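# Structural characterization, general
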Amino acid sequence: MTYALFLGCKIPYYVPHYETATRRVLGDLGVKLVDLEFPCCGYPMRHLYFRSYLLSAARGLALAEARGLDITTPCKCCFGALKRAQKFLADKPELMAEVNAELAADGLNYQGKVVVKHILQVLHDDVGLAELGRRVVRPYELLRAAILYGCHAVRPSEVTHFDDPSNLHLIDDLVKVTGATPVPWAGRLSCCGAPVRERNEDLALATIRKRLSEARDAKADILVIACAYSQMQAEWAYSLAGPPPQREFIEGPVLYPQLLGLAMGLSAQEVALERNTPNGEYLLSFLKRD
């Protein structure tokens, strides 16, 4: 299976370990990733310059469509922005015509054929849980995971179609296949605070610290994340934390491809655990020993 990889703007600069782990894990599972010169997904402009947002998103969609490729992205914000754009363009033919008139200058035309999936959907639905189970050679033992689902993937569900909105299970399934145990906790569907960070840092920091405290209260060892913004938020909180005796947090945030990659037998370096804040190599102690 082949997808155009839409990394978005944040991951290459702020969360490069997410890109490293994503490319390595999907590659090992036989998912071919094609790099295109994608523009911004348009999300930062959505509430200020709606047509600019729509044009930027449509340009990315049209680029993939011109190559006959579907899109997968590790960024839940980009995922949500592209899915919303597809919905807007499908519902408003006049917007579709307006956007295509702009895209024509670059020889592009968006027809609404490209499929957009988050990488977790590719792992869950395309690779499949049975194959993932066969590829897990070093499952975790006694690892309790608090899963932060992420706002942009699950809301609005009638647009994103990320998971069953009445029974979210996709990320739980993916965590269970590694041997880790998802724990019920208060912040599972809550915000990480990223949307307010540029306007109110205190509120943004308090929000992610509340999530981390909720995860601690649930006796989780780690916070499992598959969102660039949530990982940035959690790592920011840890970068400001005091030494372990004074801090109230759990071991740390882990990106799902890192969690899966280690269980597949990849090394800590191959999934870039040393780039996490704090260093994610504590995960090694939870792997099953022979």
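An unreviewed UniProt entry lists the protein under the name Cysteine-rich domain-containing protein, with Desulfoferula mesophila as the source organism.

A count of helical and extended segments in the protein gives 12 helices and eight strands. Taken against the 2.2 N^0.38 rule, which gives 19 Å for 290 residues, the C-alpha radius of gyration of the protein at 19 Å falls within 12% of a compact globule. Here the protein, with 290 residues, has 54% of them falling under the buried criterion. In the protein, once contacts between residues fewer than 6 apart in sequence are set aside, the share between residues at least 24 apart is 78%. Carbon and sulfur atoms make up 50% of the accessible area of the protein, which totals about 12800 Å². Each charge sign in the protein was given a centre, from 33 positive and 33 negative side chains, and these centres are 2 Å apart.

Note: strands within a sheet are paired through backbone hydrogen bonds, in either parallel or antiparallel orientation. Taking strand neighbours across the sheet as the criterion, the four strands line up as β6-β5-β7-β8 in an open arrangement whose pairing is parallel. On the outer flanks of this sheet lie β6 (181-182) and β8 (252-255), each paired with one strand and no other. In this structure, strand β7 (residues 222-225) lies alongside β8, joined through four bridges in parallel fashion. Bridging from a neighbouring strand, I225 pairs with L255 of β8. Against the sheet, helix α12 (residues 256-263) engages β7 and β8, with an angle of about 75 degrees to β8.

In this structure the tally under the stated criterion is zero disulfides. Residue C78 stays outside any disulfide, its sulfur separated by 3.6 Å from that of C75, the closest cysteine. Classification of C78 as buried rests on a relative accessible area of 4%. Free of any disulfide, C227 has its nearest neighbouring cysteine sulfur in C192, separated by 5.9 Å. Given the relative accessible area of 6%, C227 is considered buried.

Attention now goes to α12. Of all eight residues in α12, eight are buried; the element is thus mostly enclosed. Of the positions making up α12, those classed as buried are Y256, P257, Q258, L259, L260, G261, L262 and A263. Looking at the buried side of α12, the elements it contacts are α2 (16-28), α6 (119-135), α9 (170-176), β7 and β8. Downstream of α12 by one or two residues, G265 has phi in the positive range, about 100 degrees.

Per the UniProt entry, the sites bearing "domain: Cysteine-rich" (unreviewed entry) are residues 3-83 and 146-228 in this numbering. Span residues 3-83 is 53% helix and 12% strand, its end C-alpha atoms 16 Å apart. In residues 146-228, helix accounts for 40% and strand for 10%; the two terminal C-alpha atoms are 17 Å from one another.

Calculation criteria
- Residues numbered from 1 in each chain as written.
- Predicted model: local features only at pLDDT ≥ 70, side-chain atom pairs only at ≥ 80, totals over all residues.
- Heavy atoms only, no water.
- Helix = DSSP H or I, 4+ residues; strand = E, 2+ residues; numbered from the N terminus.
- Rg over C-alpha atoms; globule rule 2.2 N^0.38 Å.
- Buried < 20%, exposed > 50% of the residue type's maximum accessible area, 1.4 Å probe, protein only.
- Contact = heavy atoms within 4.5 Å.
- Areas by Shrake-Rupley, 256 points an atom, 1.4 Å probe, with all protein chains shown as cover.
- Lys, Arg positive; Asp, Glu negative; His and termini not counted.
- Charge placed at Lys NZ, Arg CZ, Asp CG, Glu CD.
- Pairing = 2+ DSSP bridges.
- Axes fitted to C-alpha atoms, helices over the stretch in contact; angles between N-to-C directions.
- Disulfide = S-S within 2.5 Å.
- UniProt positions renumbered as here; feature names shortened; annotations may be inferred.

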